[in-house]
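For reference, the chains in residue letters:
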2 protein chains.
Amino acid sequence: MSPNQEYRAINLSAGPSAIPLEVLKTAQNEFLNYKNSGMSVIELSHRSKLFESILSNTEADLRRILDIPANYKVLFMQSGGTGEFAATHLNLMASKLVEDKQKALGTDKKAKCAYIISGVWSKKAHTECLRMGGNAHTIVDGKSHFKADGYYDLPAAAEWDIPNPEETAYVYYCDNETIGGFEMELDTVVPHIDPSIPIICDMSSNILSRKFDVSKFGVIYAGAQKNIGPSGLTIVIVREDLLIRNDSSNGLHIPSVLDYKYFADEGPMPHTPTTFSIYICHLVLQYITKNGGITTLENNRNEKAKLLYNLFDSNPEFYTNPIQNNFRSKMNVVFTLKKQGLDAELISQALENNIVEIKGHRSVGGFRASIYNAVTLDQVRFFVDFLNKFADSHI
Amino acid sequence: MSPNQEYRAINLSAGPSAIPLEVLKTAQNEFLNYKNSGMSVIELSHRSKLFESILSNTEADLRRILDIPANYKVLFMQSGGTGEFAATHLNLMASKLVEDKQKALGTDKKAKCAYIISGVWSKKAHTECLRMGGNAHTIVDGKSHFKADGYYDLPAAAEWDIPNPEETAYVYYCDNETIGGFEMELDTVVPHIDPSIPIICDMSSNILSRKFDVSKFGVIYAGAQKNIGPSGLTIVIVREDLLIRNDSSNGLHIPSVLDYKYFADEGPMPHTPTTFSIYICHLVLQYITKNGGITTLENNRNEKAKLLYNLFDSNPEFYTNPIQNNFRSKMNVVFTLKKQGLDAELISQALENNIVEIKGHRSVGGFRASIYNAVTLDQVRFFVDFLNKFADSHI
């Protein structure tokens, strides 16, 4: 490979991950002098008119693309899923809704924080709830296959242990488990939860990949580094009535930086945000709008995922995807080789074909192809061809 | 002003702020294809060898430039000062040192969290300590001039109310108040605190501007967006013995994302960091090393600040810097005009001369010129010339 500005890898990283080339080119072109300000976008004060306009356009575009109702706040936070594991818990526990429930329950009973565990990330959220002193409850813990952190199925909702609404602070689940390649179909969770219970959803790795009804959720959050932009930005969509109670004398110990109300009241920038990540997000949303919006993204997603799963299903003697069909992720496609001893060769041949980051997460092994929005249909076709040839030459 | 890639403003923003032009050009040149990877640096997995090398070089360079002793950890966190207001308190309170003190004090007495208040940011840290349930104690609250949030002096240490070491969890201060333009000289605080008390220092806006002895501090933190790089990255330097106690069964309620031990143990990347900000920081540190290191930065700082303060002192009938000489910030130079009604004109004439972001913070009014490392001596000379001419034409 010769040094070449035009050389482009097929980047199947789980995140940070591919960004549309057109967005990268725009960012590069205006990097030294944003809108003739004589400054790079990373040198702009976050209080400058130019940056305020980037931020307000980003929010407006996101609201339009995801059809976010007016009674939801959009917050631009930092610190990703790890931050939100604590933030979702702390903010919900301090909400008036949950406080009222807790009062009715009395001091001898603690409201339950109910988790659907479908992989590493929802498990981590559950652990953080315990760490924060919460009364963590497991609604269901998905079925693991042989590797400790890999899930392949979730029992039917009839078998779930959903606590009564009166004693439940919230229900938490992860819409798409990035490591396990385990994704919820639209009706997997929401219809089974009493509408009076706020649902918290981690959509870090599949937001902007399909249409969904925001109004069904209490809190939706997403780290940017999959479908949105670079790392360092977390988008939180929260129903206004769930913001913590407005009582200045409260003894709440929520750090300001994790406090949704602080962001909502002092917002949109109660403190310096990650300006560059927001700027790239802004360009990505413009790109999405120009290219057909969420419908196009959803169609592309379906087509790309189908190519890969069809390949596995038609080569069962060579490739295995361990996930039950209805939970197969359309963002992170995991697979293993039936034959022993070929893993290193697959990785090195992929590299020779400019295909990078296909190794599975260290906790589950195998392979993972993350085919987020910015991975093109042609790139997936090329990858599928490559896998076909690899199978043919090793059978 | 015609659109022109070469056009460069004199950017005196308080942060996010100027970055060395050479760094920007490097970042632009390699933006589409980092080290012939076929990926932008913002598309790299944080677990990739390329990014791991960026991070380890960044830490090594920072350790060398600041001469950080081996018993200090360097953490790459997010969420800036607002996050650290809570994090410093929570981590110190959970440290073995403070726990032991608290045990000796008994349950009826709460260890004191002692703050030196010299402006908006140290005041905010004090408020966050109260919010987190801490026993906040004020060692000294600097003297305010007429505007609520502007400080002009600090009483001598003999007048400070420093609690006994046995009852003090930590002492916190802000080395340079970005809004007030109020900076501590090297011997202002440290020599007056008993060495058994850990000192927490907010160096967000003056780190990398002068030599100092890291070993005198318990925790030093700095948001990147002044002298280091873009926003979204917070560097924390913490003495190892202050990491929270290693007890897996502890009932500590520190969110993982603010927990120094989580970063130190699982580090350097317990979760996805802000990769682009770290990358620019990496380039900035290389640039610093190539250009004479901390000594050159300190000399330039002194020269730039002297030019501005000399101007004010030689035009006392026109310009006022309200800060006592020994507390004049060499990073954020604040000033007001003696004559009423000229403020808007100064701002518009500055703009005509490509000088931007000189308006003072909304809480204090007046003007502020932030002359961080990336603002060149020539730019400051040009600005001083401009101010001289402005005074001459309005006297």
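This section reports on the structure supplied with the text.

The rules behind these values
Residues numbered from 1 in each chain as written. Chains lettered and ligands numbered in written order. Predicted model: local features only at pLDDT ≥ 70, side-chain atom pairs only at ≥ 80, totals over all residues. Heavy atoms only, no water. Helix = DSSP H or I, 4+ residues; strand = E, 2+ residues; numbered from the N terminus. Buried < 20%, exposed > 50% of the residue type's maximum accessible area, 1.4 Å probe, protein only. Polar contact = N/O pair within 3.5 Å; in protein donor to acceptor, adjacent residues only side chain to side chain. Pairing = 2+ DSSP bridges. Contact = heavy atoms within 4.5 Å. Axes fitted to C-alpha atoms, helices over the stretch in contact; angles between N-to-C directions. Phe/Tyr/Trp six-rings, centres within 6.5 Å; stacked < 30°, edge-to-face > 60°. Expected span 1.5 Å × (residues − 1). Buried area = accessible area lost by both parts, 1.4 Å probe. Salt bridge = Lys/Arg side-chain N within 4 Å of Asp/Glu carboxyl O.

### Quick notes on the environment of Arg-64 of chain A
Residues and elements named next belong to chain A. Mapped onto the fold, Arg-64 is located in helix α2 (residues 49–66). For Arg-64, a relative accessible area of 48% gives the class partly exposed. For the pair formed by Arg-64 and Gly-293, sequence separation is 229 residues and the distance between their alpha carbons is 9.5 Å. In this structure the side chain of Arg-64 is engaged in a polar contact, spanning 3.1 Å, whose partner is the side chain of Asp-61.

### Let's talk about the sheet that holds strand β16 (residues 367–370) of chain A
Within a sheet, each strand pairs with its neighbour through backbone hydrogen bonds, oriented either parallel or antiparallel. Residue and element names in this part refer to chain A. Taken in spatial order, the 3 strands line up as β13-β14-β16 in an open sheet, and their pairing is antiparallel. Because the sheet does not close on itself, it has two edges, and the strands there are β13 (319–320) and β16. Where strand β14 (residues 332–337) lies against β16, 4 bridges are found, and the strand directions are antiparallel. Each bridged residue has a counterpart across the sheet, and for Val-333 the counterpart in β16 is Ala-369. Helix α8 (residues 293–314) rests against β13 and β14 of the sheet, and its axis sits at about 20 degrees to β14.

### Things to note about the packing of aromatic side chains
All chains considered together, the criterion is met by 40 aromatic pairs over all chains. Ring centres of Phe-31 of chain A and Phe-31 of chain B lie 6.3 Å apart, and the angle between their planes is 20 degrees; on these two criteria the pair is classed as stacked. One end of the pair, Phe-31 of chain A, is in the loop between α1 (21–29) and α2; the other, Phe-31 of chain B, is in the loop between α1 (21–29) and α2 (49–66), on a second chain. Between Tyr-309 of chain B and Phe-312 of chain B, the aromatic rings sit 6.2 Å apart at their centres with planes inclined by 80 degrees, giving edge-to-face as the arrangement. Of the two residues, Tyr-309 of chain B and Phe-312 of chain B both sit in helix α8 (residues 293–314), 3 residues apart, roughly one turn of that helix. Side by side, Tyr-309 of chain B and Phe-312 of chain B carry an identical accessibility label, which is buried. By way of ring pairs, the aromatic residues Tyr-309, Phe-312, Phe-318, Tyr-319, Phe-335, Phe-367, Phe-383, Phe-386 and Phe-390 of chain A are connected into one cluster.

### A look at helix α7 (residues 275–290) of chain A
For α7 of chain A, with 16 residues, the first-to-last C-alpha span of 23 Å sits near the 22 Å given by 1.5 Å per residue. Among the 16 residues that make up α7 of chain A, 12 are buried, leaving the element largely enclosed by the rest of the structure. Taken together, the buried positions of α7 of chain A are Thr-275, Phe-276, Ser-277, Ile-278, Tyr-279, Ile-280, Cys-281, His-282, Leu-283, Val-284, Leu-285 and Ile-288 of chain A. Buried residues in α7 of chain A make contact with α1, α2, β2 (72–77), β12 (234–239) and α8 of chain A together with α7 (275–290) of chain B. Gly-292 of chain A sits one or two residues past α7 of chain A and shows a positive phi near 105 degrees.

### Description of the interface of chain A and chain B
Counting residues at the interface gives 69 residues for chain A, matched by 69 residues for chain B. In this assembly, chain A packs against chain B so that about 5600 Å² is buried in total across both faces, 53% of it on carbon and sulfur atoms. Together, Leu-32, Glu-43 and Arg-131 of chain A form the three largest contributors to the area buried by chain A at its contact with chain B, with a combined 13%. At the boundary of chain A and chain B, one finds 4 salt bridges. Between Arg-8 of chain A and Glu-43 of chain B there is a salt bridge whose closest N-O contact spans 2.7 Å. Along the contact surface separating chain A from chain B lie 24 residue pairs in polar contact (both at pLDDT 80 or more). Among the elements of the structure, α1, α3 (80–93), α5 (120–131) and α7 of chain A are those that each provide at least two residues to the side of chain A that touches chain B. For the side of chain A that touches chain B, the element with the most residues is α1 of chain A, which contributes 6 residues.

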